[in-house]
Amino acid sequence: MKPLLSYIGREKKRFFLTSLLITLCSVLRVLHALINTYTFNNLIALNMTGFFKFLLIDVVVFAVLSLTLGMTQYVRAAAVQRFSLDLRQDIAAQIEATPVEHFSAKNTGTYASWLTNDITLIEQNGFDNLFDLVQIITDPLFSLIALWHFHWSFLPVVFALSFFTVLLPQFVHKQLAKANLFTTKSNENLLSVINDALHGFSIFSIFGVEKQLSLRITAATNKLIARKLHQVCYEAVANNVAGLSNIIGQLLVEGWTGFLAIQKIIPIGAIASSANLSYNVFNSIAVFAPVLTQMRALTPVFEKYHLHDESGQAQLGAMTIPERPKLTLKVNELTFKYPHQQRAVFQPFSLTLRPGDKVALTGESGTGKSTILKILAGQLRQYQGSIQVNGVELRDSCLASLHQQVLYVDQTPYLFNDTIRYNLELGESFSDDELQAALVGADLAQDVAKMAAGLATEVGEGGQSLSGGQRQRLALARGLLRRQQLFLFDESTSNLSQASALRVEDNILKQQDLSVIFVSHQLHEENIAEFDQVITLK
């Protein structure tokens, strides 16, 4: 419940306005029930003037109620969507603060499910239910006041019957909470399977097993169906128990109303209102238990996001790497092994990088070249040995301050389904001259100039509208656009023609104020002499 209430605190005005409209609707519903009493009494007395008078008043009340209900529906929907936006932003911010090595522990389908399926579940069972609770409080509150107006004895009768309506559905609370959590995890698995199968469809096609696409998705869907049906079973039990208690309570109140009317303690017309008023009370109370159960069942869903948990932030390191005119890097006896491996990926590695140095790391596949770059980029922080960046140990450093001075260009660059400009800027602001200079440095300027939309050209999902070489050069340009002091290039020209690769490498190596560590399994003979150090890993 606490996570849901925290979002009310952020959007107090929206919640207050929506609650005010819901309360007004409750007042109008109770007013309608009271008018029925006077209408019925005038009918029994054969008072035509009084009958039509209260009938006309009832029409006006219904018209106002209809208008208010329409406004409430819109304002409520807007508030729920705002709550969802706040939650989605919180989850995204938590993901942003996650170190890359921890981010990679879950697949992208899990995160996608958090931001889509889980949000939908929380909207329905959480934020919508918050406003249902307001109505659940206001409807019976004003109805009880109206019943008390008829006779005080209605209150103890209603309270006694309400106890069982609320209590009984709570017996399935824990089971429903587990069912909710399992359903969200099955949603995560389905999204992961769908993403995996779609990305690998070309492989299925090459091997003639295209049916694997539907088979894998169907298997994951069947698991989700089983979990959802399990969840629905517990929801049905809670709802049906509450509903049965509701019906029994209404019948008993009607019976008590009849008894009081026969004893001439209340007017006969009260029988017309007591049914509606008792329905408001018991229906709200019957819904209260399942709604409360659904809201409490969201707790384990919120817990898996670790919102407002600063433990992940602490792991990022607290020390800021000082900005200096010239960056220094000292690596001493560096080793690393992945959790599932017993042997280190590479032999102890040491390096002293002076400002402006150009270093080449070469060697056969599997010798740890890319792993070293990922460590230096802060993506793998559980290393052994020492890495000093401007005198600060890398594992203890703030990742944001590291990225301000060190830039890593991956060997498999990811391009967003957006324009060339966005893939260069990534939401930051650069002048056209700066963009052009980066494109020239990556040997991509002529290619972009030939495109009809230029920088506004859409690259498609994963950059599919570009060739492999163009995708790699675009990623290079994205790096060159930033002016960090140390560039880490991981096989960044492997997909380029030799002529294009040499132009790009020459441009980078001739920048005297730029420090570079360049990984390649095979260097070009034409520019080996440009490197200050060539280190071969074995």
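Structure: above.
Residues numbered from 1 in each chain as written. Predicted model: local features only at pLDDT ≥ 70, side-chain atom pairs only at ≥ 80, totals over all residues. Heavy atoms only, no water.

## A closer look at the packing of helix α1 (residues 2-10) against helix α3 (residues 48-96)
At step 1: One can describe the packing of α1 onto α3 by two numbers: an axis separation of 10 Å at closest approach and a directional angle of 110°. Relative to α3, α1 is oriented roughly perpendicular. You can see that α1 and α3 cross each other, and the crossing is right-handed. Across the interface between the two elements, Tyr7, Ile8 and Arg10 from α1 touch Phe83, Asp86, Leu87 and Asp90 from α3. (Axes fitted to C-alpha atoms, helices over the stretch in contact; angles between N-to-C directions. Helix = DSSP H or I, 4+ residues; strand = E, 2+ residues; numbered from the N terminus. Parallel < 35°, antiparallel > 145°, perpendicular 65-115°, else oblique. Left-handed = near helix turned anticlockwise from the far one by under 90°. Contact = heavy atoms within 4.5 Å.)

## Side note on the side chain of Ser515
At step 1: Along the chain, Ser515 falls in strand β8 (residues 515-519).
At step 2: A distance of 2.8 Å separates the side chain of Ser515 from the backbone nitrogen of Gly356, its partner in a polar contact.
At step 3: When neighbours within four sequence positions are excluded, Ser515 is seen to be in contact with Leu353, Arg354, Pro355, Gly356, Asp357, Gln485, Leu486 and Phe487. (Polar contact = N/O pair within 3.5 Å; in protein donor to acceptor, adjacent residues only side chain to side chain.)

## Quick word on the sheet that holds strand β5 (residues 392-393)
In sheet architecture, strand pairing relies on hydrogen bonds along the backbone and comes in two forms, parallel and antiparallel.
At step 1: What the four strands build is an open sheet, ordered β2-β1-β4-β5; its pairing is antiparallel. Where the open sheet ends on each side, the last strands, each with one partner, are β2 (349-353) and β5.
At step 2: Strand direction decides the pairing type here: strand β1 (residues 329-335) and strand β4 (residues 384-389), joined by five bridges, are antiparallel. The partner of Thr335 across the bridge, within β4, is Gln384.
At step 3: Taken strand by strand, helix α14 (residues 369-376) contacts β1, β2 and β4, and its axis lies near 125° from that of β1. (Pairing = 2+ DSSP bridges.)

## Let's talk about the packing of α3 against helix α6 (residues 117-150)
Relative orientation and spacing of two packed helices are given, respectively, by the angle between their axes and the distance between those axes.
At step 1: Remark: α3 packs on α6, axes separated minimally by 10 Å, with the N-to-C direction vectors making an angle of 135°. One element, α3, and the other, α6, form an angle in the oblique class. Between α3 and α6 lies a crossing of right-handed hand. Across the interface between the two elements, Arg76, Ala79, Val80, Gln81, Phe83, Ser84, Leu87, Arg88 and Ile91 from α3 touch Ile119, Ile122, Glu123, Phe127, Asp128, Phe131 and Asp132 from α6.
At step 2: Residue composition of the contact of α3 with α6, by class: nine nonpolar, two polar and five charged. (Nonpolar A, V, L, I, M, F, W, Y, C, P; charged D, E, K, R; others polar.)

## What about empty space enclosed by the protein?
At step 1: Counted under the stated rule, the structure contains one cavity of 30 Å³ or more.
At step 2: Considering only enclosed or pocket space, the largest cavity measures out at about 40 Å³ in volume.
At step 3: Lining the largest cavity are Pro325, Lys326, Leu327, Pro355, Gly356, Gln485, Asp513 and Ser515.
At step 4: Classifying every residue of the lining of the largest cavity by side-chain character gives three nonpolar, three polar and two charged. (1 Å grid on protein atoms, 1.4 Å probe; cavity = no way out; pocket = protein on both sides within 12 Å on 5 of 7 lines; lining within 4 Å. Points joined across faces, edges and corners; volume = space filled by probe spheres on them.)

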